[in-house]
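# Reading the structure
Chain residues, written in single-letter form:
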Amino acid sequence: MAVANSPLETRLDPRSPESRRNMRRMVDLLTEIKNQEEEIRQGGGLKNVEAQHKKGRLTARERIARLIDPGSPFFELGLYAAHEMYKEWGGAPAAGVVTGLARVAGRLMMVIANDATVKAGAFFPMTAKKVIRAQNIALDNRIPTIYLVDSAGIFLPLQEDVFPDTDDFGRVFRNNAVMSAMGIPQITAVMGMCVAGGAYLPVMCDHILMTDGSGLFLAGPALVQAAIGQKNSPEELGGAKVHAAISGTIDFREPDDESCLARIRALVDKMGHRKTAPFDCIEPEPPAYPPDEIYEIFSSDPARQYDMREIIARIVDGSRFEEYRAEYGETVLCGYARIGGWAVGIVANQKKHVQGVAPGTGAKRMEFGGVIYTESAGKAARFILNCNQNLVPLIFLHDVNGFMVGRDAEWSGIIRAGAKMVNAVSNSVVPKIAVICGGSFGAGHYAMCGKAYDPRFMFAWPSARYAVMGGDQAAGTLLEIKVKQLEREGRKLSAEQKQELFESVRSTYEGQTDIRYGAARLWVDAIIDPAQTREALIWALEAAALNPEVREFKTGVLQT
């Protein structure tokens, strides 16, 4: 039994075949992911980068590198957005916009920068969704935001999927107005084209900067001539000098990108300081064990076990974890710790099988790792209530197959206990941050604070799988449906044909459970290196602490 305030013990044997197998599997996966990330960061390619430089402009990533504090990291969000989408249009790497958290003049900021090397920075459907996700993160956490605008506006061939709906292009400007009303500082720099409806974005922010050679207009020269027959050059229609001296639209006119970025830094440096959240934070302490040992501990093989406490020990300060009800409902771990000095409550799926006792009968039973039982759901619900009562942010570590099924589970009240856990998660008022380590399937995904339950941030390891059920189960179910359909049509499949169909269905389904598929659709905010989980959580906790408001905690009717 763990002693209070003592580090978790480790039983890792780095020389074991299991550790070496886990390490090889994760390193291979990380290498593939990192190579893909480098390719995505090339944006529209060298030719388009050179075209941007010929205009005397920097690329989006070059601008960000000069904007943020020297030597400080840029924590990119949504890098995989639109990955392998829009192939018929040549693709849209990172959805043509770069978003992430950074330090500017020592302050934590959200940065949103159009990548003009990708279709002139035009908005694809996923571009709008990515900008809106970044704004929603800023809204939830009260993060001051900087926009570096260089965009041709809506990508017209896909306008019907960009323009009209609640999570489309217009929502960006609505968010500008709401953020301003909430007192969240916003600074916009027009550093290229800013046309049509997109012209409202800078004007709805607190400060507007513009570089010479840029254009800001509701309609460009060609559209103006077509509409009213008037001929204008871009500069006389909506250049920086026009908006600085005649229309009075911009606050600062800058000769080039470098001076514009320097001015933004100077403005951020003068911002006042607002109240921060009431969450407890002390001097941080590194874990007692190296974080990269996670590679050796974690197994992405659903059939293999590992101890989630070993993962926690490599994420939390001093590897100390005050485990809550350690001997009860053991397939979900709950407990208190610190990460980067911040007090947190951790809810994590345990992937080890444990010997349990059936309530009522007292009979011994094997409880499978990664499965939520009635007792573990009830424990987690109570723990989540405690964290809300005591203003402790929540971290969820996913590797969940779902809730237990079968007669015994139903008789024990699994639906009632699961509803209690989902209620507690849904109504939590403290920040929630989720990390998908392995599988995150079905209702287990919901109970562990899935995307629909408003986590402030949602991260995933390269090994993550995200779907309504696992590939084999889904393929088996879909195959059965297909076979019955064919039988009704008078067709009968041989065993070989059934196996071939099974493999085909499973291959398609497995492709959709790959976390890159989900990241392309912004179901997660970032795919992170497991060894950098602690750093990602610290970024998220520091961002969450900028919002001082914590609503009154209410759950409504709880199943008991």
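Each remark here, short or long, concerns the structure printed above.
Figured I'd write up the structure that's included with this text. Just so you know, these numbers come straight off a predicted model, no measurement behind them.

When helices and strands are tallied, the protein chain shows 20 helices and 20 strands. Relative to the globule expectation of 24 Å for 560 residues, the C-alpha radius of gyration of the protein chain, 26 Å, shows essentially globular dimensions. Based on the C-alpha atoms only, the size of the protein chain along its principal axes is roughly 85 × 70 × 50 Å. Among the 560 residues that make up the protein chain, the fraction classed as buried is 53%. Across the protein chain, every contact between residues at least 6 apart in sequence was considered, and the portion connecting residues at least 24 apart equals 74%.

Attention now moves to the nonpolar core. The biggest cluster of nonpolar side chains holds 134 residues, and the ones touching the most others in it are L101, I312, I346, V347 and F459. Looking at this core, the element that brings in the most residues is helix 4 (residues 125-141), giving eight residues. Counting 23 residues, the second largest nonpolar core, distinct from the first, contains L67, A113, I187 and I264.

Okay, the state of the cysteines next. Under the criterion given, the structure shown has zero disulfides. Cysteine C194 shares no disulfide, and the gap to the nearest cysteine sulfur, in C205, comes to 9.8 Å.

What follows concerns the side chain of N423. With respect to the secondary-structure elements, N423 resides in helix 15 (residues 414-426). Residue N423 is classed as buried on the basis of its relative accessible area of 15%. Those residues in contact with N423 that sit more than four places away from it in its chain are T555, V557 and L558.

Consecutive side chains along a regular strand alternate between the two faces of the sheet. Because side chains alternate across strand 12 (residues 354-357), one face comprises the buried residues V354 and G356, and the other comprises Q355 and V357, none of which is buried. Taken together, the four bridges between strand 12 and strand 13 (residues 364-367) define a ladder with antiparallel strand orientation. Pairing of V354 across the sheet is with E367, part of strand 13.

Moving on, we come to a nonpolar patch on the surface. Taken together, Y200, M204 and L218 make up a surface patch of nonpolar side chains, about 290 Å² in accessible area. Within the element layout of this structure, M204 appears in the loop between helix 6 (200-203) and strand 6 (207-211). Its relative accessible area of 31% is what places M204 among the partly exposed residues.

Next up on the list: the packing of helix 4 against helix 5 (residues 169-181). Between helix 4 and helix 5, the shortest axis-to-axis distance is 9 Å and the interhelical angle comes to 20 degrees. The orientation of helix 4 relative to helix 5 falls into the category roughly parallel. In this structure, the crossing between helix 4 and helix 5 has a hand that is left-handed. Contacts between helix 4 and helix 5 involve A128, V131, I132, Q135, N136, A138 and L139 from the former and F169, R171, V172, N175, N176, V178 and M179 from the latter. Grouping the constituent residues of the contact of helix 4 with helix 5 by class yields nine nonpolar, four polar and one charged.

Moving on, we get to the packing of helix 13 (residues 374-389) against helix 15. Helix packing for two helices is described by the angle between their axes and how far apart those axes are. Packing of helix 13 against helix 15 leaves a shortest axis separation of 8 Å and a crossing angle of 25 degrees. Here helix 13 lies roughly parallel to helix 15, going by the angle between them. In the packing of helix 13 onto helix 15, the handedness of the crossing is left-handed. Of helix 15, the residues touching helix 13 (which contributes T374, A377, G378, A380, A381, I384 and L385) are I414, A417, G418, K420, M421, A424 and V425. Of the residues contributing to the contact of helix 13 with helix 15, the split by class is 10 nonpolar, three polar and one charged.

With that settled, consider the side chain of T331. Tracing the sequence through the fold places T331 in the loop between strand 9 (322-323) and strand 10 (332-339). Exposure remark for T331: the relative accessible area of 0% places this residue in the buried category. Beyond its immediate chain neighbours, meaning those up to four positions away, T331 contacts A348, N349, Q350, V354, E367, F368, V371, I372, Y373 and S376.

Turning to unusual backbone geometry, a few remarks are in order. Even without being a glycine, Y86 presents a positive backbone phi close to 55 degrees. By secondary structure assignment, the location of Y86 is in the loop between strand 1 (75-77) and strand 2 (97-104). Given the relative accessible area of 12%, Y86 is considered buried. We note that A95 has phi near 60 degrees; this positive angle belongs to a residue other than glycine. Within the secondary structure, A95 sits in the loop between strand 1 and strand 2.

Another point: helix 13. For helix 13, with 16 residues, the first-to-last C-alpha span of 23 Å sits near the 22 Å given by 1.5 Å per residue. Positive backbone phi, approximately 55 degrees, marks L391, located one or two places after helix 13.

Under the defined criterion, the tally for this structure stands at 34 salt bridges. K129 serves as the salt-bridge partner of D167, at 3.8 Å between the closest nitrogen and oxygen. Taken together, the residues D167 in the loop between strand 4 (145-151) and helix 5 and K129 in helix 4 connect sequence positions 38 residues apart. Classification of K129 by relative accessible area gives partly exposed; the value is 27%. A salt bridge links K351 to D399; the shortest N-O distance between them is 3.9 Å. Taken as a pair, K351 in the loop between strand 11 (342-349) and strand 12 and D399 in strand 15 (residues 394-400) lie far apart in primary sequence, 48 residues in all.

Rules used throughout
Residues numbered from 1 in each chain as written. Predicted model: local features only at pLDDT ≥ 70, side-chain atom pairs only at ≥ 80, totals over all residues. Heavy atoms only, no water. Helix = DSSP H or I, 4+ residues; strand = E, 2+ residues; numbered from the N terminus. Rg over C-alpha atoms; globule rule 2.2 N^0.38 Å. Buried < 20%, exposed > 50% of the residue type's maximum accessible area, 1.4 Å probe, protein only. Contact = heavy atoms within 4.5 Å. Core = buried A, V, L, I, M, F, W, Y, C linked by side-chain atoms within 4.5 Å. Disulfide = S-S within 2.5 Å. Pairing = 2+ DSSP bridges. Patch = residues over 30% accessible without salt bridge, like charges linked within 9 Å, V, L, I, M, F, W, Y side chains within 5 Å. Areas by Shrake-Rupley, 256 points an atom, 1.4 Å probe, with all protein chains shown as cover. Salt bridge = Lys/Arg side-chain N within 4 Å of Asp/Glu carboxyl O. Axes fitted to C-alpha atoms, helices over the stretch in contact; angles between N-to-C directions. Parallel < 35°, antiparallel > 145°, perpendicular 65-115°, else oblique. Left-handed = near helix turned anticlockwise from the far one by under 90°. Nonpolar A, V, L, I, M, F, W, Y, C, P; charged D, E, K, R; others polar. Expected span 1.5 Å × (residues − 1).

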